[in-house]
Number of protein chains: 2
Amino acid sequence: MGVVQKLDEKITLEEGAGGEEMINLLKKSILPFIEGRGGNVDLGVRELDDGAAIRLNEREYLVVTTDSHVVKPRFFPGGDLGKLAVAGTINDLAVMGANPKALSSGVVIEEGFDKDELEKISESMGQTAEEAKVPIVTGDLKVLGRGETDGILINTSGFGISSKLTPTSGLKPGNKIIVSGTMGDHGMTIVTNRENFESSIKSDIAPVHNLVRGVLEVDGVTAMKDPTRGGLAAALNEMASGSEVGIKIKREKIPVTPEVRGAGEMLGIDPLMIANEGKVVIGVEEFQAEQVLEALRDHELGKDSEIIGECTQNNVGKVILETEIGSLRILKPPRRKPIPRIC
Amino acid sequence: MGVVQKLDEKITLEEGAGGEEMINLLKKSILPFIEGRGGNVDLGVRELDDGAAIRLNEREYLVVTTDSHVVKPRFFPGGDLGKLAVAGTINDLAVMGANPKALSSGVVIEEGFDKDELEKISESMGQTAEEAKVPIVTGDLKVLGRGETDGILINTSGFGISSKLTPTSGLKPGNKIIVSGTMGDHGMTIVTNRENFESSIKSDIAPVHNLVRGVLEVDGVTAMKDPTRGGLAAALNEMASGSEVGIKIKREKIPVTPEVRGAGEMLGIDPLMIANEGKVVIGVEEFQAEQVLEALRDHELGKDSEIIGECTQNNVGKVILETEIGSLRILKPPRRKPIPRIC
């Protein structure tokens, strides 16, 4: 027992993978100490959502989010660390139901890092911010000694204004579940790139706030989430347990490109378990599902949208996957050794 | 020339020290790429202030700031990394003239880090937030592999509401310069602790927003800054060049404890060149200076406040120090090899 306890006292890589172990670490070693202290908020750290919401007035919430970005390789088909840092934070705001207003950028660099590379990453941040029309308004820079950080790390925080929150915990029994496109593209891009695996896969990385804006014009949207770390499996599990509903989805309805599916089979990686960076999972009242689908498909980023399942009163907190041969299995959040530094 | 150019292409520790080299790096490799892209703000990254301001309505600004915190040792007399992360960001908001409303916390940990230590740091963050009545509302956690980060790094972003901005660039000729207490306590604590130097010095780390609130009730405050990285020397130089005024200060008026002064002499470190974490530098119209001084001294954190000098029309962008023997010299921002990881 002594040994088990000792191991348990040190942080493991698994505890950063976005799955159950991470939630357990947060619930044991961080949240009890910081949550609910210092003031009241409408949606805070306890909810483990993509961001927090603070009521500004009768009609509006201020939504705040933060994310530290590390990825290797830092440049990959479809994007780079700078684009990831900006799009990732815009997306966290968007799926909370907020209109993103501004971003901050906290850069931590290792001594000896290439200025050329820093400039390329900065340029990509600026370009992504410009295209998205969400400015980077403030920043911070720290330079650490060799070996004190690995290259570069970017924390992007953001805030936006929402008149209707779409929290992770908003699902109701009977709601339909929609995904805005193919699953696993970003994660598979990073993995195949690292493995020098020949492929035409590229990251789906993109700001989704304009896509989401169209969705929010339809009534009846109850919940949204961006399936990043841990992929669709992690996102749906968090939505099911946060909302206290079951979720039943059909494998054959979930869009996955042939390239991602093929690479996943070769490498033994389930596309539902790895990150997306330009996709949204949406919960919507049944009678409005087709309209949300239409709004999504009207936008380039949402052209492959599909209704993939619905919420149930039974199996609370669980995600049930109907496989392509019609059998049922529980889709758990990823628990294996994570693929590190993917987003 | 080849060699010089090569060296110039890599980031150096000096470029993270808060002095001229850092401003040059920001102006060359980061700001041109990100500033002013994506939207308009009233006070953005270009101003290199403690935060950004975005107009919300006729009366109010939203103020946003971000800071990545690393310090070694992580526990020191008077505080620890957790307290630093929360107080530091509250202070950046306060000196912008904002009432701090909420914080985010982005934690990056190295595999193998002690959970015990994580819990102690989290507890300190929670306690500091509670005492300050500024809640931590959202967070992010990343676990990196061994050697990919050194222990733990915390990014704290924050936002607040201001009805009167007090930017770094707000000084006018004739304004008086006030400091809210003794200089160099935090920096000297970290240095003496590292050197195992016997001393009773402790960090001044504290949220200053309540102290600042009293100051803002007096009319005529034009500028504020917290003298952190690079100490008073860096803060005054940024204020002088940002405001396009000269600043003349008297050495004998600047409060420094005998312990900090003594340790500084032993170690060859100028207390004006190292970080403070619970102090404010204030610019105020001459006729209101005494009232600001009174407001400061009414608060425990401001009891040692002093008027240390004034702004001039000549020597624009420079800080002139009158020494204790009456001679004048230019007080430059620190340019030497930095004391790393002090805040």
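All residue numbers refer to positions counted from 1 along the written sequence of the respective chain. Naming scheme: in the order in which they are written, chains are lettered from A and ligands are numbered from 1. A pLDDT threshold of at least 70 governs which residues receive local features in this predicted model, and a stricter bar of 80 or more applies before side-chain atom pairs are shown or counted, although totals over entire chains, interfaces and linings include all residues. Side-chain figures throughout are based on the complete set of non-hydrogen atoms in the structure, without hydrogens or water.

Across its full length, chain A holds nine helices and 14 strands. Taken along its principal axes, the extent of the C-alpha atoms in chain A is 55 × 50 × 50 Å. Per-residue burial for chain A yields a buried fraction of 63% across its 343 residues. Working note: accessible area of chain A is about 13,400 Å², and carbon and sulfur atoms make up 46% of it. Neither His nor the chain ends is counted toward charge; the positive residues are Lys and Arg and the negative residues Asp and Glu. Taken as the charge centre is NZ of Lys, CZ of Arg, CG of Asp or CD of Glu, depending on the residue. Where the 40 positive side-chain charges of chain A centre and where its 53 negative ones centre are 4 Å apart. Here a strand is any run of E in DSSP of at least two residues, a helix any run of H or I of at least four, and the numbering for each starts at the N terminus. Exposure is judged per residue with a 1.4 Å probe applied to protein chains only, and the accessible area is read against the type maximum: over 50% gives exposed, under 20% gives buried, and values in between give partly exposed. For the area figures, the Shrake-Rupley method with a 1.4 Å probe applies, and any residue is considered shielded solely by the protein chains shown.

Once that is clear, we can look at the UniProt feature "domain: PurM-like C-terminal" (unreviewed entry) in chain A. UniProt positions are given in the numbering used here, feature names are shortened, and annotations may be inferred rather than shown by experiment. In this numbering, the UniProt entry assigns the feature "domain: PurM-like C-terminal" (unreviewed entry) to residues 172-320 of chain A. Between the end C-alpha atoms of residues 172-320 of chain A there is a gap of 16 Å, over a span that is 34% helix and 18% strand.

All names here are of chain A. Among the nine residues in strand β6 (residues 136-144), eight count as buried, and that is most of the element. Whether two strands pair depends on DSSP finding at least two bridges between them. Relative to β6, strand β5 (residues 99-110) runs parallel, the two being bridged by eight bridges. The residue bridging valine 108 from the neighbouring strand is lysine 142, located in β6.

Glancing now at the interface of chain A and chain B. Frequently, the measure chosen for interface size is the accessible area removed from exposure when the parts meet. Counting residues at the interface gives 78 residues for chain A and 78 residues for chain B. Carbon and sulfur atoms make up 63% of the area that chain A and chain B hide from each other, which totals about 6,800 Å². What makes a salt bridge here is a side-chain nitrogen of Lys or Arg within 4 Å of a carboxyl oxygen of Asp or Glu, nothing more. Counting across the chain A and chain B interface gives 10 salt bridges. Residue Asp67(A) is joined to Lys142(B) by a salt bridge in which the shortest nitrogen-to-oxygen separation is 2.8 Å. Contacts described as polar in this section are N or O atom pairs within 3.5 Å, which, within protein, must combine one atom able to donate a hydrogen with one able to accept it, while residues neighboring in sequence count only if both atoms come from side chains. The interface formed by chain A and chain B includes 29 residue pairs in polar contact (both at pLDDT 80 or more). Secondary structure elements with two or more residues in the side of chain A that touches chain B: α2 (20-34), β1 (52-55), β2 (61-69), β5, α4 (115-132), β6 and β7 (152-162) of chain A. Nonpolar residues are Ala, Val, Leu, Ile, Met, Phe, Trp, Tyr, Cys and Pro. Charged residues are Asp, Glu, Lys and Arg, and all others, Gly as well, are polar. Partitioning the side of chain A that touches chain B into residue classes produces 33 nonpolar, 24 polar and 21 charged. Two residues qualify as a contact provided that any one of their heavy atoms is within 4.5 Å of a heavy atom in the partner residue. Two parts placed together each lose some accessible area under a 1.4 Å probe, and the buried area is that loss summed for both.

Okay, the pattern of salt bridges next. Taken as a whole and judged by the stated rule, the model has 32 salt bridges over all chains. When the shortest N-O distance is used, the salt bridge between Lys28(B) and Glu119(A) registers 2.8 Å. Of this pair, Lys28(B) sits in helix α2 (residues 20-34) while Glu119(A) sits in helix α4, each in a different chain. Linked by salt bridges that have partners in common, Asp67(A), Arg229(A), Asp140(B) and Lys142(B) make up one network.

Right, let's talk about the relation of the copies chain A and chain B for a bit. Superposing copies: least-squares fit, C-alpha atoms only, residues required to have pLDDT of at least 70 in both. Of the two same-sequence chains, chain A is brought onto chain B (RMSD 0.0 Å, axial shift 0.0 Å) by a rotation of 180°. Such a combination of turn and shift is consistent with a two-fold rotation axis. Measuring from the rotation axis to each C-alpha of chain A, the shortest distance belongs to Thr149(A), at 2.0 Å. Most of the interface of chain A is mirrored in chain B: 100% of its interface residues are interface residues there too.

For the rest of this paragraph, the subject is the domain arrangement of chain A. Residue ranges for the domains trace back to a domain assignment, done automatically or taken from a database. The domains assigned to chain A are domain 1 (14-40), domain 2 (49-162) and domain 3 (168-330). For domain 1 of chain A and domain 2 of chain A, the distance between their C-alpha centres works out to 22 Å.

Bringing the UniProt feature "domain: PurM-like N-terminal" (unreviewed entry) in chain A into the picture now. On the UniProt side, "domain: PurM-like N-terminal" (unreviewed entry) is annotated at positions that read residues 49-161 of chain A here. The span residues 49-161 of chain A is 29% helix and 42% strand, and its two end C-alpha atoms sit 16 Å from each other.

Below, the discussion takes up the sheet that holds strand β9 (residues 221-225) of chain A. Residues and elements named next belong to chain A. Read from one edge of the open sheet, seven strands run β9-β11-β8-β12-β10-β13-β14, paired in mixed fashion. Looking at the sheet topology across the chains shown, the edges are occupied by β9 and β14 (328-330). Averaged over all pairs of adjacent strands, the angle between their axes in this sheet comes to 25°, without regard to strand direction. Strands in contact with helix α7 (residues 231-243) are β8 (176-179), β9, β10 (246-250), β11 (281-284), β12 (306-312) and β13 (319-322); relative to β9, the strand with the most contacts, it is inclined by about 140°. Lines are fitted to the C-alpha atoms to define the axes, a helix being fitted only along its stretch in contact, and any angle between axes, read from their N-to-C directions, falls within 0 to 180 degrees.

The next thing to look at is α2(A). One turn of the α-helix equals 3.6 residues, which is why residues spaced by three or four share an orientation. Here α2(A) spans 20 Å end to end across 15 residues, near enough to the 21 Å set by a 1.5 Å rise per residue. One fitted axis covers the seven residues ending at a residue, a second covers the seven starting there, and the bend at that residue is the angle between these axes. At Lys27(A), α2(A) shows its strongest bend, of approximately 45°. Restricting attention to buried positions, one finds in α2(A) the residues Glu21(A), Met22(A), Leu25(A), Leu26(A), Ser29(A), Ile30(A), Leu31(A), Phe33(A) and Ile34(A). Turning to α2(A), the residues buried within the fold contact α4 (115-132) and β6 (136-144) of chain B. In a helix, the anticipated span is given by 1.5 Å times the number of residues less one.

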